Amino acid sequence: MIAAGLFGLSMAGAAFAGQPTECDSLAGSPTDPNRVGAGIGLYGIEPVEAIAACGRTLAADPNNPRLLFNLGRAHEASGRIGSVSVDEMALAGRTYKSAADQNYPAAQIALAPFYWRGSDGFQQDTRQAMLLLDKAMASDATEAKSQRRNLFADTAFAVDPNEAQLQFVKEAANAGDADALYALGLPLSLGEDRQADVALLWHQAAALGSAQAAFDLARMYFKGKGGLSTNPEESLRLILKAAAGDDPQTWDAAATAYERGSYGLPKDDKQAARLFKQASDEGNKYALYDLGRFYEEGKGGLPKDPREAARLYKLAADQGNDDAVLALARDMAEGRGGYEADRVKAIAFLKRAARWSTQAKDELTKMGG
């Protein structure tokens with residue numbers, strides 16, 4: 001009993017003192033501004049171990065919102081890796097709510113989709129979802145804005161969109177919301193007969209500050225689509241505007257354009273490296289992989305550093321980047337990036353990733369795993 005009491009006190013002390021607990025190490029988010037420790041991407045979490053560790057830590061500090069958020073992530077990882085478990089996702093939602101009710105920003109952001117979609121035991125409430133993101137905006141603007149954009153885009157792209165969600169996006173667009181205007185143009189962009197409508201929506205969105213709209217509109221000007229005259233100068237202006245915006249995904253797209261010399265941009269690996277780094281610092285999974293490529297090849301003024309490349313591939317793979325999974329598996333199999341050549345280890349890594357990655361499944365077949 002004395003030993004158990006001391007163990008509980010030590011865990012509580014770590015949680016309060018800002019030292020990483022076992023729960024933080026196994027389930028903390030790398031994009032949580034209040035994290036303790038480095039964190040780990042959702043797809044890198046080992047759910048069984050993380051749930052058990054967070055349960056032990058919370059026993060000593062049951063109302064700690066950071067630890068509750070971490071436990072929610074562990075349950076979500078359990079639900080998402082492999083086939084989705086409704087029970088695990090419901091547990092994730094309830095645990096996120098316990099942390100969000102204490103105004104924990106990362107939990108508010110994670111909880112918003114449950115209300116937006118009305119899933120896993122939550123009644124649909126689009127306004128509550130947006131309220132949660134608005135509350136989180138003051139402490140974690142990048143993640144809150146990203147979540148909002150993703151929810152709007154998912155709604156616009158849905159084959160059979162939910163009426164309440166779609167109505168909210170349309171009302172937001174009518175009120176001059178840049179992200180809503182951009183989202184409404186996404187499904188229209190797939191049809192050649194609606195390109196003029198897309199250009200109109202994205203002109204409005206770009207003027208109101210949407211970096212994504214500015215970037216995609218730049219591509220339309222460069223190609224002369226949507227009734228727009230081919231205009232490389234306007235394309236370049238819009239891409240530079242997009243790159244100066246606040247969206248990590250657009251930074252990654254602009255970096256790729258610099259790397260390739262696309263859409264009127266000069267081929268400039270140093271600018272590409274700068275933007276990949278800028279986006280990777282915000283946890284963007286595509287930029288983490290792309291920056292890893294640059295370190296592997298020694299591009300953009302960066303030193304050739306296979307170990308740093310492998311580290312970045314691991315971070316990107318843990319966030320769910322398929323290309324990073326394949327790159328890391330090859331490093332393991334061929335003994336690069338600080339790994340000893342170990343085909344068995346590479347196959348085991350691919351088997352785990354194959355629970356959520358189609359590319360990992362295909363690579364596993366090629367390796368005979």
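This text goes with the structure placed above it.
Read on for a plain summary of the structure. Note that the structure is predicted; figures quoted are calculated from it, not measured.

**Observations concerning the side chain of Glu-88**
Consideration 1: Tracing the backbone through its elements, the reader meets Glu-88 in helix H5 (residues 86-100).
Consideration 2: Of the side chains bearing the opposite charge, Arg-94 lies closest to the buried Glu-88, which forms no salt bridge; the N-O distance is 9.1 Å.
Consideration 3: Within the structure, the side chain of Glu-88 is placed 2.7 Å from the side chain of His-75, a separation counted as a polar contact.
Consideration 4: Apart from residues lying up to four places away in sequence, Glu-88 is in contact with Ile-51, His-75, Ser-78 and Gly-79.

**Looking at the state of the cysteines**
Note: disulfide means a covalent bond formed between the sulfur atoms of two cysteine side chains.
Consideration 1: Per the stated rule, a full pass over the model turns up 1 disulfide.
Consideration 2: The disulfide bridge from Cys-23 ends at Cys-54, spanning 2.1 Å between sulfur atoms. In this structure, the disulfide formed by Cys-23 and Cys-54 twists by about 85° around the S-S bond and is classed as right-handed. With Cys-23 in helix H2 (residues 22-27) and Cys-54 in helix H3 (residues 47-60), this residue pair connects regions lying 31 residues apart in the sequence.
Consideration 3: Cys-23 sits in the buried class, given a relative accessible area of 0%.
Consideration 4: Assessed through its relative accessible area of 0%, Cys-54 is described here as buried.

**Considerations on the packing of helix H19 (residues 343-353) against helix H20 (residues 358-366)**
Consideration 1: It is the contact of H19 with H20, at a shortest axis distance of 8 Å, that shows an interaxial angle of 145°. For the pair H19 and H20, the crossing hand works out as left-handed. Mapping the contact onto sequence places Ile-347, Leu-350, Lys-351 and Ala-353 in H19 and Ala-360, Glu-363 and Leu-364 in H20.
Consideration 2: Tallied by class, residues from the contact of H19 with H20 come to 5 nonpolar, no polar and 2 charged.

**Quick notes on the pattern of salt bridges**
Consideration 1: All told, the structure shown has 28 salt bridges when counted by the stated rule.
Consideration 2: A salt bridge links Glu-76 to Arg-80; the shortest N-O distance between them is 2.7 Å. Taken together, the residues Glu-76 and Arg-80, both in helix H4 (residues 65-80) and 4 residues apart, mark about one turn of the helix.
Consideration 3: A residue is classified by how much of its surface remains accessible, and Glu-76, at 11% relative accessible area, is buried.

**Side note on empty space enclosed by the protein**
Consideration 1: On inspection of all chains with the given rule, the structure shows 1 cavity of 30 Å³ or more.
Consideration 2: In this structure, the largest cavity encloses a volume near 30 Å³.
Consideration 3: For the lining of the largest cavity, the per-class residue count stands at no nonpolar, 4 polar and 2 charged.

**Remarks on the environment of Gln-128**
Consideration 1: In this structure, Gln-128 sits in helix H7 (residues 126-137).
Consideration 2: Taking the C-alpha atoms as reference points, Gln-128 and Ala-164, 36 residues apart in sequence, are found 13 Å from one another.

Criteria and cut-off values
Residues numbered from 1 in each chain as written. Predicted model: local features only at pLDDT ≥ 70, side-chain atom pairs only at ≥ 80, totals over all residues. Heavy atoms only, no water. Helix = DSSP H or I, 4+ residues; strand = E, 2+ residues; numbered from the N terminus. Buried < 20%, exposed > 50% of the residue type's maximum accessible area, 1.4 Å probe, protein only. Lys, Arg positive; Asp, Glu negative; His and termini not counted. Salt bridge = Lys/Arg side-chain N within 4 Å of Asp/Glu carboxyl O. Polar contact = N/O pair within 3.5 Å; in protein donor to acceptor, adjacent residues only side chain to side chain. Contact = heavy atoms within 4.5 Å. Disulfide = S-S within 2.5 Å. Axes fitted to C-alpha atoms, helices over the stretch in contact; angles between N-to-C directions. Left-handed = near helix turned anticlockwise from the far one by under 90°. Nonpolar A, V, L, I, M, F, W, Y, C, P; charged D, E, K, R; others polar. 1 Å grid on protein atoms, 1.4 Å probe; cavity = no way out; pocket = protein on both sides within 12 Å on 5 of 7 lines; lining within 4 Å. Points joined across faces, edges and corners; volume = space filled by probe spheres on them.

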